[in-house]
Amino acid sequence: TVPLPAPRATPQFEIKEPDTVELFVAGISVAPKLFGRELPNFSSADGPSSPLPFPNLPFGFFKVLYNDGELRIIRTGQNWVSVNERRQQPAAPGTEV
């Protein structure tokens, strides 16, 4: 048997209030591989490989509790709290100033 690849969701979001973001699934695509070779991409998202339209499906929401650009704290629609820290990318070798 050939293992099937996991589909990839194409996310979208909409800011509903200054502190509330709604999430949607705008499309689903699958780019299968067979014997190490990629096959054509099958997609429902907008684009040249998407023969079928895909409705925006609700995926959830979150409320921003704190955001200073470096640290973001949110509460999800399932009442989980998430803390995300933005980290600086290290400089490429030879580009340090």
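Located above this text is the structure these notes cover.
Presented here is an overview of the structure given in this document. Residue positions are counted from 1 within each chain, in the order its sequence is given. A pLDDT threshold of at least 70 governs which residues receive local features in this predicted model, and a stricter bar of 80 or more applies before side-chain atom pairs are shown or counted, although totals over entire chains, interfaces and linings include all residues. Hydrogen atoms and water are omitted, and side-chain values are computed over all heavy atoms in the structure.

### Some details on the pattern of salt bridges
Opposite charge on two side chains lets them pair, provided their charged atoms get close. The salt bridge definition used is simple: a Lys or Arg side-chain nitrogen within 4 Å of an Asp or Glu carboxyl oxygen. Under the defined criterion, the tally for this structure stands at two salt bridges. For Lys16, the salt bridge goes to Glu14, with nearest N and O atoms at 3.0 Å. Across the pair Glu85 and Arg87 runs a salt bridge whose closest N-O atoms are separated by 3.8 Å. As far as the burial class goes, Glu85 and Arg87 line up, both exposed. For the exposure calls, accessible area comes from a 1.4 Å probe over protein chains only, and a residue counts as buried if that area is under 20% of its type's maximum, exposed if over 50%, partly exposed in between.

### Remarks on the pairing of strand S7 (residues 71–76)
Pairing between strand S6 (residues 57–67) and S7: five bridges, direction antiparallel. Its bridge partner being in S7, Phe62 is matched across the sheet by Thr76. We call two strands paired when DSSP finds no fewer than two bridges between them. Only DSSP runs of H or I reaching four residues or more are called helices, and only runs of E reaching two or more are called strands; each is numbered from the N terminus. Counted along the chain from S6 to the antiparallel partner S7, the turn is three residues long, and its residue Gly69 has a positive phi close to 90 degrees. Summarising the sheet, S7 and strand S8 (residues 81–85) pair through five bridges and their orientation is antiparallel. When the bridges of S8 are listed, Ile74 appears paired with Ser82. Here S7 hands over to S8 after four residues, with Asn79 in that stretch at a positive phi of 75 degrees.

Any link to function would need more than the numbers given here.
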